[in-house]
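Working through the structure, step by step
Letter by letter, the chains look like this.
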Amino acid sequence: MTTTDAAHQPLISPVLGGSQNRNSYDLAEHDERLQVLSGGGLGDGSVHDACARERDTPTTFVWTLTAVAGLSGLLFGYDTGIISSTLLHLDTSLSPNPPAPLSILSKAVITSSTSLAALLVSPASGLLADSHGRKRIIYLADFLFVLGALWQSAAKSVFSMVMGRFIVGLGIGVGSGVVPMYIAELAPAKFRGRLTTLYTGCITGGSWSHMRWWVGWRVGVGLGALPALAQAVGLCWQPESPRWLVMRGRQREARRILGKVLGLEEGSAETGSKLNEIEEGVRAAKKGEEGSWKEKWVDLWNDVQGRRALWTACMAQGLQQLCGFNSLMYFSATIFSLIGFSNPTATSMIIAATNLTFTLLAFTLIDRIGRRRILLLSIPGMILGLAICAVAFDHLPTTAAPDAPPPERFGAIVVLFSITLYVASYALGIGTVPWTAQNEVFKMQHRGLGSGIATGVNWLCNFAVGITFLGMLENWGGTMVFGGYAAVCAAGWWGVWRWFWERGGMELEEGMEDEGVEVGASRRGRG
């Protein structure tokens, strides 16, 4: 295989249900592609790859903008994590009939209102970013975060708390749809996986940070406003996406930003070459950019490559939630309390710390071994952890009834171990990859709409899991619930093996020049 062939051979199938060969690409070929695309083995004088080869790390400019953008992930994770501990303290503050505790339904609605709001707004977030720019929509998310955090801290009733969390959910939905896209469009191809993983790392860090101290739930939820304010200030010195600028005819500004991203002079040949690549992608995207939302959807669906990309992104995002992970993050303290741990919030720190540690490990691996392979290697660990957890729950209570038998200590330890194994595997693969992959698989004209839809699928599944988990745990028992999640993970592994394709190390415009049928035809018959 020549260098040019490795750099431009597309990895796309002709139709969703076509030849089996479309996903069984040779792993040795993938290793060769990653070596070539990360700067090794260059023989064709590719300007941009030569630039990538000379740099072993992103520029300080790229690190800074990623850190500022990643604050949205910190907010996302903080809100997700803090509700786990907050639910333990709401009975005396918000119960309509004190000292009676809040009902399971009230807790489920409080928890899931955030996911519902994110579900409603996230499909439109990409289209709004296409119309108004990535930065402006991130500013909108910050405003919603601040408003929602302050509203929650002042809540006097369940309804008021639900409204505050709904507003925060709007901010999360907007931010989760736009921020990974913003990072992916600014990151050099060689580092895109790692930089987008930092967003996931911020989510994980946010979910863990609140557990290190407890200052009262009102102060805890109110503190969520601070990172949003910090991000709003930091964005003042950060650039707009150069791809969006080119789509708006602002090439001069885009060239200047690209020079900073690549660590080169604005007038260098390398910067000009990269700008030309983006302009070619924009010219191909002009047709899909114009028209109503309905017309954009029709254009996406009628494009074979776009349809395949939509299925891949939605499958990955759906699996990320239907595997049940956020039920553990929302209700981990509740679970550990039910099975007999005397300090459930402290025990939850083990889970959160595991999540953070293995997310950082994913940061070092995702560009090195590829998105598809890391999923195929990590999902079996999730299945094993959930299966062990299901068996252990057969010997543990899942209700806090006064006459319930005391939990078995050994069973509780087994549950903790199995959940830790599950979380480690999740953080290494499916917890990280979808946010990166969904911004790599779409053509430029489809990226905003496609990423928004995939993010909406994520939040739809998140809402379904959050609203049903406690009820299922009480009525069906942990064995059925976690066994069901293990079955979902097994089906997800098969889906990844069959349909997920690798675009790690490729420029966002690379391999997107041809229409889907022709691109797929070039892969037909390859193993």
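Above this text is the structure in question.
Residues numbered from 1 in each chain as written. Predicted model: local features only at pLDDT ≥ 70, side-chain atom pairs only at ≥ 80, totals over all residues. Heavy atoms only, no water.

**Examining the overall build of the protein**
- Broken down by element type, the protein carries 24 helices and zero strands.
- In the protein, which comprises 527 residues, the proportion classed as buried is 61%.
- A separation threshold of at least 6 residues defines the contact pool for the protein, and within that pool the share at least 24 residues apart is 83%.
- Of the roughly 19,500 Å² of accessible surface on the protein, 64% is carried by carbon and sulfur atoms. (Helix = DSSP H or I, 4+ residues; strand = E, 2+ residues; numbered from the N terminus. Buried < 20%, exposed > 50% of the residue type's maximum accessible area, 1.4 Å probe, protein only. Contact = heavy atoms within 4.5 Å. Areas by Shrake-Rupley, 256 points an atom, 1.4 Å probe, with all protein chains shown as cover.)

**Here we look at the packing of aromatic side chains**
- For the structure on display, the rule yields ten aromatic pairs.
- Aromatic pair Phe76 and Trp459: ring centres 5.1 Å apart, planes at 40°, arrangement tilted. Separated by 383 residues along the polypeptide, Phe76 in helix H4 (residues 60-86) and Trp459 in helix H22 (residues 444-476) bring together distant segments of the chain.
- We classify Phe76 as buried; its relative accessible area is 6%.
- For Trp459, a relative accessible area of 1% corresponds to the buried category.
- Members of the aromatic cluster, each reached through a chain of ring pairs, are Trp311, Trp494 and Trp499.
- Looking at Arg307, its charged tip hangs above the ring of Trp301, at a distance of 5.5 Å from the centre. (Phe/Tyr/Trp six-rings, centres within 6.5 Å; stacked < 30°, edge-to-face > 60°. Lys NZ or Arg CZ within 6 Å of the ring centre and 35° of its normal.)

**Considerations on the state of the cysteines**
- Under the defined criterion, the tally for this structure stands at zero disulfides.
- Just so you know, Cys323 is unpaired, no disulfide at all, and the nearest cysteine sulfur is the one on Cys489, 4.9 Å from it.
- Cys489 gets classed as buried once you look at its relative accessible area, which sits at 1%. (Disulfide = S-S within 2.5 Å.)

**A look at the environment of Trp435**
- Looking at the element boundaries, Trp435 is found in helix H21 (residues 433-437).
- Taking the relative accessible area as the measure of exposure, Trp435 reaches 2% and is therefore buried.
- Along the chain, Trp435 and Ser176 lie 259 residues apart, while their C-alpha atoms are 8.6 Å from each other.
- Ignoring anything within four residues of it in the chain, the contact list for Trp435 reads Phe76, Ser176, Pro180, Thr196, Tyr199, Thr200, Gln317, Gln320, Thr455 and Asn458.

**A few points about a nonpolar patch on the surface**
- A grouping of Leu140, Phe143, Leu147 and Trp151 is seen on the molecular surface, where their side chains present a nonpolar patch of about 370 Å² in accessible area.
- By secondary structure assignment, the location of Trp151 is in helix H7 (residues 134-153).
- On the basis of relative accessible area, Trp151 is assigned to the partly exposed category, the value being 37%. (Patch = residues over 30% accessible without salt bridge, like charges linked within 9 Å, V, L, I, M, F, W, Y side chains within 5 Å. Salt bridge = Lys/Arg side-chain N within 4 Å of Asp/Glu carboxyl O.)

**Looking at the pattern of salt bridges**
- Applying the stated criterion to the full structure yields eleven salt bridges.
- Between Asp130 and Arg134 there is a salt bridge, and its shortest N-O distance comes to 2.9 Å.
- Its relative accessible area of 12% is what places Asp130 among the buried residues.
- Judged by its relative accessible area of 2%, Arg134 is buried.
- Here Lys274 and Glu277 are joined by a salt bridge, their closest N and O atoms 3.6 Å apart. Note that Lys274 and Glu277 are positioned in helix H14 (residues 269-289) at a spacing of three residues, about one turn of the helix.
- Here Glu277 falls in the partly exposed class, since its relative accessible area comes to 26%.

**Describing empty space enclosed by the protein**
- Counted under the stated rule, the structure contains four cavities of 30 Å³ or more.
- One number sums up the size of the second largest cavity: a volume of about 80 Å³.
- Around the second largest cavity sit Leu75, Tyr78, Asp79, Ile82, Phe145, Ala149, Gln152, Val168, Val221 and Gly224, which together line it.
- Broken down by secondary-structure element, the contributors of at least two residues to the lining of the second largest cavity are H4 and H7.
- With four residues, H4 is the single largest residue contributor to the lining of the second largest cavity.
- Classifying every residue of the lining of the second largest cavity gives seven nonpolar, two polar and one charged. (1 Å grid on protein atoms, 1.4 Å probe; cavity = no way out; pocket = protein on both sides within 12 Å on 5 of 7 lines; lining within 4 Å. Points joined across faces, edges and corners; volume = space filled by probe spheres on them. Nonpolar A, V, L, I, M, F, W, Y, C, P; charged D, E, K, R; others polar.)

**Section: the environment of Val441**
- Among the secondary structure elements, Val441 is positioned in the loop between H21 and H22.
- Along the backbone, Val441 and Phe500 are 59 residues apart, and their C-alpha atoms lie at a distance of 10.0 Å.

**Remarks on the environment of Gly177**
- Tracing the backbone through its elements, the reader meets Gly177 in helix H8 (residues 158-186).
- Along the sequence, Gly177 and Gly456 sit 279 residues apart, while their C-alpha atoms lie 8.3 Å from each other.
- What Gly177 contacts, discounting residues up to four positions off in sequence, is Ser125 and Thr455.

**Topic: the packing of H7 against helix H11 (residues 225-234)**
- Remark: H7 packs on H11, axes separated minimally by 8 Å, with the N-to-C direction vectors making an angle of 155°. Accordingly, the angle class assigned to the pair H7 and H11 is roughly antiparallel. As for how H7 packs across H11, the hand of that crossing is left-handed. Where H7 approaches H11, its residues Ile138, Tyr139, Asp142, Phe145, Val146 and Ala149 are matched on the opposing element by Ala225, Ala228, Leu229, Gln231 and Ala232.
- For the contact of H7 with H11, the per-class residue count stands at nine nonpolar, one polar and one charged. (Axes fitted to C-alpha atoms, helices over the stretch in contact; angles between N-to-C directions. Parallel < 35°, antiparallel > 145°, perpendicular 65-115°, else oblique. Left-handed = near helix turned anticlockwise from the far one by under 90°.)

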